[in-house]
Amino acid sequence: MRVDPLLTERLVKSLLWCLTGLTIFVLIFIITFIAIKGLPQLSLSFLWHDIEDMGRAGGIFPTLVSTLYLTLIALVVASPLGVGSAIYLTEYTLEGWVTRLIRFGAECLAGVPSIILGLFGFVLFVIKLNFGWSMLSGGLSLAIMILPTIIRTSEEALKAVPKEYQDVCFSLGLSKWQTITRVVLPCALPGIMTGIVLSIGRSIGETAVVLFTAGASLRTPTSLFDSGRSMAVHFYILAREGLSMPNAYGTAAILIISILLINITAYTLMQRFLRKYQ
Amino acid sequence: MLPVKIQVRELTFHYGSHCAIQGLNLDIYQGEILGLMGPAKSGKTTFLRVLNRMCDLIPNVRIQGSVRLDDEEILAPHYDVDSLRRRIGMVFAKPVPLPRSIYENLAFAPRLQKKPQHRDDLAELVENSLKAAQLWDEVKDRLHDSALKLSGGQQQRLCLARTLAMAPEVILLDEPTSGLDPISTARIEETLTALKKDFTIVLVSNNTKQIARCSDKVAFLLMSRLVEYGVTPEVFMVPKQKETDDYISGRFG
């Protein structure tokens, strides 16, 4: 029996539509759920006040500061390392067993469960290097976590730059480094930025790694060596200890809104940059 | 007699175990257009890439012999290839404008060399180069538009102008009109003829008629070897070798 191709086409189309719809539905469900539970808790004082009574009352200001601190440290450490490695892998070595080994290593690192990275950060930064539970320990551990993502996305972005551009630059007498900084990197920047923005999202939402390395202090961290809890850790503790579900949802709402804002800002900046270059 | 600009002696080139050029001897005279013709895989492009050392970018190559530019060996191991490439410019088969404005495409490389010190000098350099490539009239009102919006023929003339802006001594053209329509091709050929008083030009082309129209001397490569070399009209009227005759009359290739 032959199946009518037109019918198959229609069936496949509706099936794929359903699959996509389901994916979007899950996303919308999560966001609405958090919004309904969390938005009523939000107010300016919730954002600007210190945590009181273990989180049952007061605001979440210290967790905002901690999250910002941790994410910034992770970015400042991981971005140059990641982009640098990607440049080395794509531009300065020939494809061979060394590059494959490095790439394989980066993929393994990406596959390490975050709780284990947290434990590793605890042993190395908190104990061995004696940074204590601190922003520095947490930020460095987060950097290790996001490094593989940045390397892989940057590498793909650099590889996607047409080889002809480099030929042109070399034929004009530009050195390799001039070629990379003037032509290759600007072309690859949107892709690199996507990787970095994804990493920011992961850092902000990460719980296990920072719970082990940055601690859960209620105070606002003021130096690199202060302990503090990020928004995700605060949410985790509030929910797990059953301290205050409304405040937990409020924190979750802020968490999601900030990730959303970062994505939108990065996207807008990228569009502006692209317009300049094309 | 014109002075010799580039002197090639016993040049042999291998990609791994594959021999791309074998025992090539050739003189390229200043202020002339040398046309290089030959079927695919005969070593034409490889030869161009040796002249500006772009062949360095390919792994696993072996070069023997000597290439002298103004009596200076350019195959020497520690030769400054960046400055060599500023003296020997290259235009590729496929027009590759960089994803920037027309002006920036021309200005960015000279600016990095700090050649024109002043902004006005740079603008003048851009204008002169575009005029020399016969593109100025078409783009003078939209210098700051993206170069990617130009047509294929305009893009190729832009690439030529970009090479000219570096004020090279020699220009290598690797089948510059292979992707262009006849009118754009004619404009490029006109431009080349006008340019040869200031530059030495090496033109690689699959189009034998183009070589016959544009070049002063012609070299015919076949299977990695130089088969025939001579003054263009002579080679086309009375080729000395049978292979050349077969090739230009279209019996193979």
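Given the structure is predicted, the values throughout are model-derived calculations rather than measurements.

Draft legend 1. Quick peek at the pairing of strand β7 (residues 170–174) of chain B. All names here are of chain B. Most of β7 sits out of view: five of its five residues are buried. Burial of β7 is two-sided: the residues Val170, Leu172 and Asp174 facing one way and the residues Ile171 and Leu173 facing the other way are all buried. Relative to strand β8 (residues 200–204), β7 runs parallel, the two sharing five bridges. Following the sheet pairing, Asp174 is matched in β8 by Val204. Between β7 and its parallel partner β8, the chain crosses via helix α7 (residues 182–195), and the hand of that crossover is right-handed.

Draft legend 2. Looking closely at the state of the cysteines. Counted according to the given criterion, the structure contains zero disulfides over all chains. Not engaged in a disulfide, the cysteine A:Cys187 finds its nearest cysteine sulfur in A:Cys169; these two sulfurs lie 8.7 Å apart. No disulfide involves B:Cys19; its sulfur sits 14 Å from that of B:Cys55, the nearest cysteine. With relative accessibility at 17%, the residue B:Cys19 sits in the buried group.

Draft legend 3. Spotlight on the sheet that holds strand β1 (residues 4–15) of chain B. All names here are of chain B. Strand order in this open sheet of four strands is β2-β1-β4-β5, and the pairing throughout is antiparallel. Two strands bound the open sheet, and with one partner strand each, they are β2 (18–29) and β5 (72–73). Across eight bridges, β1 lies against β2 in antiparallel orientation. Residue pairing across strands places Val4 opposite Tyr29, the latter belonging to β2. Contacting β1, β2 and β4 (61–69), helix α1 (residues 44–51) crosses the sheet at an angle of about 120° to β1.

Draft legend 4. Spotlight on the interface of chain A and chain B. Taken together, the 19 residues of chain A in the interface contact 27 residues of chain B. Here chain A and chain B share an interface that buries about 1900 Å² over both sides, 67% of which is from carbon and sulfur atoms. For chain A, the biggest contributors to the area lost against chain B are A:Val168, A:Ser171 and A:Leu172; these three give 29% of the whole. Linking chain A with chain B are two salt bridges. Two residues, B:Arg49 and A:Asp167, come together in a salt bridge whose shortest N-O distance is 3.7 Å. The interface formed by chain A and chain B contains three residue pairs in polar contact (both at pLDDT 80 or more).

Draft legend 5. Quick peek at the pattern of salt bridges. Scanning the model with the defined rule gives 29 salt bridges over all chains in all. Residues B:Lys5 and B:Asp70 are paired through a salt bridge, measuring 3.0 Å at the closest nitrogen-oxygen approach. With B:Lys5 in strand β1 and B:Asp70 in the loop between β4 and β5, this residue pair connects regions lying 65 residues apart in the sequence. Taking relative accessible area as the criterion, B:Lys5 reaches 5% and is therefore assigned buried. Taking the relative accessible area as the measure of exposure, B:Asp70 reaches 37% and is therefore partly exposed. In this structure, a network of salt bridges that share partners links the residues A:Glu95, A:Arg103, A:Glu107, A:Arg152, A:Glu155, A:Glu156 and A:Lys159.

What counts, and where the lines are drawn
- Residues numbered from 1 in each chain as written.
- Chains lettered and ligands numbered in written order.
- Predicted model: local features only at pLDDT ≥ 70, side-chain atom pairs only at ≥ 80, totals over all residues.
- Heavy atoms only, no water.
- Buried < 20%, exposed > 50% of the residue type's maximum accessible area, 1.4 Å probe, protein only.
- Helix = DSSP H or I, 4+ residues; strand = E, 2+ residues; numbered from the N terminus.
- Pairing = 2+ DSSP bridges.
- Right-handed = clockwise from strand over helix to strand, strands pointing away.
- Disulfide = S-S within 2.5 Å.
- Contact = heavy atoms within 4.5 Å.
- Axes fitted to C-alpha atoms, helices over the stretch in contact; angles between N-to-C directions.
- Buried area = accessible area lost by both parts, 1.4 Å probe.
- Salt bridge = Lys/Arg side-chain N within 4 Å of Asp/Glu carboxyl O.
- Polar contact = N/O pair within 3.5 Å; in protein donor to acceptor, adjacent residues only side chain to side chain.

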